[in-house]
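Observations on the three-dimensional arrangement
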Amino acid sequence: DVFADGWVAAEYARGGQPGWAALVLALLAAASVATQACSWLWLRSDPPPLRPDVPRWLIAALHLLQLGFLFRCLHALKVGWKVCWAKVEEEEEQSRMAFLSHDISMLRLFETFLENTPQLTLLLYVILRTNKAEPSQGLGICTAFLCVTWSLLDYHQSLRSFLQDKYELSRGSSIIYFLWNLFLICPRILAVALFALLWPYGVAVHFPLVWLAMFLWVSLQGTDFMESPGPEQLYRAMVAVILYFSWFNVAQGRTLYRSIIYHGFILVDSTLLALSWLWCRSPSDEHSYLILLVFAALPCYLLGLALRVTYYKWLHPNVRAQQEGGYDEVDADGQADGLEFRSLSVPALVNRRMQWLAQAQFPVSRPVGQRFLNGAAAV
């Protein structure tokens, strides 16, 4: 992905488009800075057993040099090696590995949406404007789409890895989850790119307005993810960027109505963007072939929604819990215990972020939730 970004920026600069090259690099830098800041804030708030045995000043320096995420990956590999081969304090190390891998997955999700989704829009806009596609642009689009959809799948798998084995994501479920995210994101990217084709600076107005609406919506849901109000605003701002392109659950309770509101808003907004292009384009526009693509975007989005419904109706862990006699008090209105989580024998490894994400992503009934808050770490 980094190689593709560098290749695209170099081709733009060599082709006499330094502004586009600078924009690609600026998106890369902004995503990196936001991700490194989030990583540093998490490390500061983590319990001591979860922190790497490295001087704090060195970790801070690595984050300033934009190497904090790489350091996390290397540290996770070190812990993973101990889990696989050393067999020292196996259960505690496995719990630590779960936390480390989940943080890496979530940071990658943030970085991907802050970098790749805007770059996808830019790449598609440039291809449509110049009416030609260079190999670097083709590679950039493929890697960006793969990174976005894969990061969503990886994040969801990371969440479910804290459930008991019988609730983990199967290969078929992973494919459905990957596809419905791909089918929902593609029309959104296309609609924004077409709007930019007519009014390049209109996106500079549209994005802040929709981002602000999403930021306010996240704030009204009362997220409590970070340790203090300042970093919480950073978290909400990053989530608002994700919501500009894709659904992301951040609050506890029943998600059905919030999901309907969100997808309804995005569908209307994307439709208006596409219709504005159809209405205002010139009859002699050389992009007439895009009309078929625009009309295919709506079935694509509806197919994505259908796959999403399929996943949550038959493949979500709550469904399996119901089938095996457990119910989710929030989503299923049942009264029995819900999902079964992996428990930790080391209370010091309980991570507050995991508690919040567990209650938001996989709501559980009161008895399980109480056990969770008393020492189980689960997502």
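All of the points below concern the structure found in this document. If you're wondering where the values come from, they're calculated on a predicted model, not measured in any experiment. (Residues numbered from 1 in each chain as written. Predicted model: local features only at pLDDT ≥ 70, side-chain atom pairs only at ≥ 80, totals over all residues. Heavy atoms only, no water.)

**Description of helix α11 (residues 290-315)**
Three- or four-residue spacings in an α-helix give side chains the same orientation, since the helix completes a turn every 3.6 residues. The terminal C-alpha atoms of α11, which comprises 26 residues, lie 35 Å apart, in line with the 38 Å expected from a rise of 1.5 Å per residue. Leu290, Val294, Ala297, Tyr301, Gly304, Leu307, Arg308 and Tyr311 are the residues of α11 that are buried. (Helix = DSSP H or I, 4+ residues; strand = E, 2+ residues; numbered from the N terminus. Expected span 1.5 Å × (residues − 1). Buried < 20%, exposed > 50% of the residue type's maximum accessible area, 1.4 Å probe, protein only.)

**Let's talk about the packing of aromatic side chains**
Each aromatic ring pair is described using two quantities: the centre-to-centre distance and the angle formed by the ring planes. In total, this model carries 19 aromatic pairs according to the counting rule given. Aromatic side chains Trp42 and Phe110 sit 6.5 Å apart centroid to centroid with 55° between the ring planes, which places their arrangement in the tilted category. Linking Trp42 in helix α2 (residues 18-45) with Phe110 in helix α5 (residues 90-130), this pair joins segments that are 68 residues apart in sequence. Comparing Trp42 with Phe110 shows no difference in burial state: the two are buried. Aromatic side chains Trp217 and Trp247 sit 6.4 Å apart centroid to centroid with 55° between the ring planes, which places their arrangement in the tilted category. Pair noted here: Trp217 is in helix α8 (residues 203-220) and Trp247 is in the loop between α9 (229-245) and α10 (256-280), with a separation of 30 residues, a long-range link. (Phe/Tyr/Trp six-rings, centres within 6.5 Å; stacked < 30°, edge-to-face > 60°.)

**What about the pattern of salt bridges?**
Throughout the structure, instances matching the rule amount to 7 salt bridges. Its salt-bridge partner being Arg14, residue Glu11 comes within 3.2 Å of it at the nearest N-O pair. Taken together, the residues span about one helical turn, with Glu11 and Arg14 both in helix α1 (residues 2-14) at a distance of 3 residues. What makes Glu11 partly exposed here is its relative accessible area of 28%. Arg108 is paired through a salt bridge with Glu111; the nearest N and O atoms lie 3.0 Å apart. Residue Arg108 and its partner Glu111 are both found in helix α5; the two are separated by 3 residues, about one turn of the helix. (Salt bridge = Lys/Arg side-chain N within 4 Å of Asp/Glu carboxyl O.)

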